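# Descriptive analysis of the structure
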Amino acid sequence: RHKFWETQPVGQFKDLGDSSLPEGPIEPASPLSEVKQEPYNLPSPYEWITCDMESTEMCTEVYNLLSNNYVEDDENMFRFNYSKEFLHWALCPPGHYKSWHIGVRVKSSKKLVAFITGVPARLRVRDSIVQMAEINFLCVHKKLRTKRLAPVMIKEVTRRVHLEDIWQAAYTAGVVLPTPISTCQYWHRSLNPKKLIDVGFSRLGARMTMSRTIKLYKLPESTVTPGFRKMELRDVPAVTRLLRNYLMQFLVAPDLDETDVEHWLLPKEDVVDSFLVECPETHKITDFCSFYTLPSSILGNANHSILKAAYSYYNVSTKTPLLQLINDALIVAKQKDYDVFNALDVMQNESFLKELKFGPGDGKLHYYLYNYRLKHVLRPSELGLVLL
Ligand code: NHW
Ligand code: EN5
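Residues numbered from 1 in each chain as written. Chains lettered and ligands numbered in written order. Predicted model: local features only at pLDDT ≥ 70, side-chain atom pairs only at ≥ 80, totals over all residues. Heavy atoms only, no water.

### Details of the site of ligand 1
We apply this condition: Residues are counted as near a molecule or strand when any one of their heavy atoms sits within 4 Å of it. A 3.5 Å cut-off defines polar contacts: any pair of N or O atoms within that distance qualifies, except that in protein one atom must be a possible hydrogen donor and the other a possible acceptor, and neighbouring residues in sequence count only when both atoms are side-chain atoms. Method for areas: the Shrake-Rupley scheme with a 1.4 Å probe, in which residue coverage is limited to the protein chains shown. The helix and strand labels rest on DSSP assignments: H or I over at least four residues marks a helix, E over at least two residues marks a strand, and numbering proceeds from the N terminus. Gly is put with the polar residues, along with every residue not named as nonpolar or charged; the nonpolar set is Ala, Val, Leu, Ile, Met, Phe, Trp, Tyr, Cys and Pro, and the charged set is Asp, Glu, Lys and Arg.
Not every one of the 32 residues close to ligand 1 is listed here, only the nearest: His 2, Trp 5, Leu 138, Thr 146 and Ala 150. Within the contact set of ligand 1, an oxygen atom lies 3.1 Å away from a backbone nitrogen or oxygen of Phe 137. One nitrogen or oxygen atom from the main chain of Leu 149 is found 3.0 Å from an oxygen atom belonging to ligand 1. Calculation on ligand 1 without its partners gives an accessible area of 1,200 Å², and the protein chains cover 88% of this total. Of all the elements in the fold, those that place two or more residues in the shell around ligand 1 are strand S5 (128-140), helix H3 (149-162) and strand S6 (168-173). For the shell around ligand 1, the element with the most residues is H3, which contributes seven residues. Of the residues that constitute the shell around ligand 1, the class distribution is 20 nonpolar, eight polar and four charged.

### Focus on the domain arrangement of the protein
Test applied: In this entry, domain limits derive from an automatic or database-based domain assignment. Throughout, a residue-residue contact means that at least one pair of heavy atoms, one from each residue, lies within 4.5 Å. Once two parts are brought into contact, the accessible area they lose, counted with a 1.4 Å probe and summed over both, makes up the buried area. One speaks of a salt bridge when a side-chain nitrogen belonging to Lys or Arg is within 4 Å of a carboxyl oxygen belonging to Asp or Glu.
Domains assigned within the protein are domain 1 (5-173) and domain 2 (183-382). Here domain 1 and domain 2 have C-alpha centroids that lie 26 Å from each other. Taken together, the contact pairs 48 residues of domain 1 with 47 residues of domain 2. For the pair domain 1 and domain 2, the summed buried area comes to about 4,500 Å², and 58% of that belongs to carbon and sulfur atoms. On the domain 1 side of the interface with domain 2, the three residues burying the most area are Phe 78, Trp 89 and Arg 124, jointly 18% of the side's total. Inspection of the region where domain 1 meets domain 2 yields three salt bridges. Between Arg 122 and Asp 255 there is a salt bridge, with the nearest N and O atoms lying 3.0 Å from each other. At the boundary of domain 1 with domain 2, the tally comes to 25 residue pairs in polar contact (both at pLDDT 80 or more). With six residues, S6 is the single largest residue contributor to the side of domain 1 that touches domain 2. Considered class by class, the residues forming the side of domain 1 that touches domain 2 number 28 nonpolar, ten polar and ten charged.

### So, the site of ligand 2
Taken together, 23 residues surround ligand 2, and among them Asp 73, Glu 75, His 188, Asp 362 and Leu 388 come closest. Contact between ligand 2 and Glu 75: a nitrogen atom at 2.7 Å from a side-chain N or O atom of the residue. A distance of 2.7 Å is found between an oxygen atom of ligand 2 and a side-chain nitrogen or oxygen belonging to His 188. For ligand 2, whose accessible area on its own is 880 Å², the fraction buried by protein is 85%. When residues of the shell around ligand 2 are traced back to their parent elements, those giving at least two are strand S2 (78-80), strand S7 (182-190) and strand S17 (359-370).

Shown next as structure tokens:
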């Protein structure tokens, strides 16, 4: 059934019930001298390249590949359209390795036809801090699909991660592979219901008119929480403490230091937005919320070509109720002209989804670890990790 994945150190379907298997690495780290020194072989028309994602030209080439060939929904109505600035941000965090940004070109034409990336991350799994790679942006050009190129790309990124003495990875996918550590549900909160309905992203509910639907999703003009403001550079130490303390409660979560928080959470226009609540009396930072910007191309609609979507990222509430905090995030997203606000049922998100009028989507997101076994499948609320 899974000719490639059966050969890899990942949880296998046949072992799913077996809690006698220990939790932790599936196979031990090897001496670096035993890591293959040469790249895997590609079919002869193609060659490997290392992509310099600090270069705007390279970001443009990758952007063009992904905007035409990356993830679509199950009815091929929408395709993720990560911006160049987003790709630069996602792929160049503190300590990133250029060698983990891997392209495949056609030798003769130099055309970029496939891509896969890793970025380093420390993840905590229960009580263990594990150095990992987060793998993302696996893409093979539509015309080169089902030729078993993906397994070669996965083996090559694995080899390059091993060369840095890192032996575990985390990734998410919309497809079921051996075997999810957790399966999450996408939820969507309409901000611009008329456009969402016009483009087929959502449907007019039964016994609903357009004007009743618009009224249903109306939001206040401005945020309601006193002391709610955009995060600034000077907030990095306080936000890091708040977030580290909050993420302790989850079974799998990133282990973020101040340099990570500065990179991943300091606002970057049209890439990541972060807000916090500073107590007007004590100036203490008590709450935090964030979202990232990932538009989708609308395939084949005469009137609209882009769906502007915000994705819930990391949120922390210690004083402001989470529901009110996220309601303020919805208000700013509406002010900034987003069409939809998306969230997964991870962390404590269940507590606000229904009340804030999110509805379940038709997409699921499966979370995976490479070379790390868990005894049990996790509930989404036990996950403290959001991948881009
Ligand atoms: S998930 C998004 C993945 N990208 C897309 O869906 C874009 C559109 N699709 C494509 O470009 C986020 C192609 O369909 C792709 C497959 C390239 C997906 N993950 O070449 P073949 C990520 O980027 C397996 C993993 O013939 P193809 C996460 C499939 O099960 N495996 O297929 C990426 C089969 O293996 P099997 C996937 O359609 C995580 C084999 O590929 C997969 O032309 C990567 C078929 O290959 C997926 N999303 O190309 C793993 N989709 O055993 C990282 C299919 O079943 C692991 N497959 O026969 C960790 C590595 C680092 C370790 C470090 C210690
Ligand atoms: C790696 N980082 O299927 C990510 N999206 O629900 C890769 N559906 O947008 C993995 N099909 O339900 C990505 N509207 C896996 C996800 C791939 C993209 C995907 C789903 C998630 C999605 C929309 C549009 C469906 C169009 C037809 C959807 C319903 C919204 C409605 C709003 C009002 C309240 C009820 C729900």
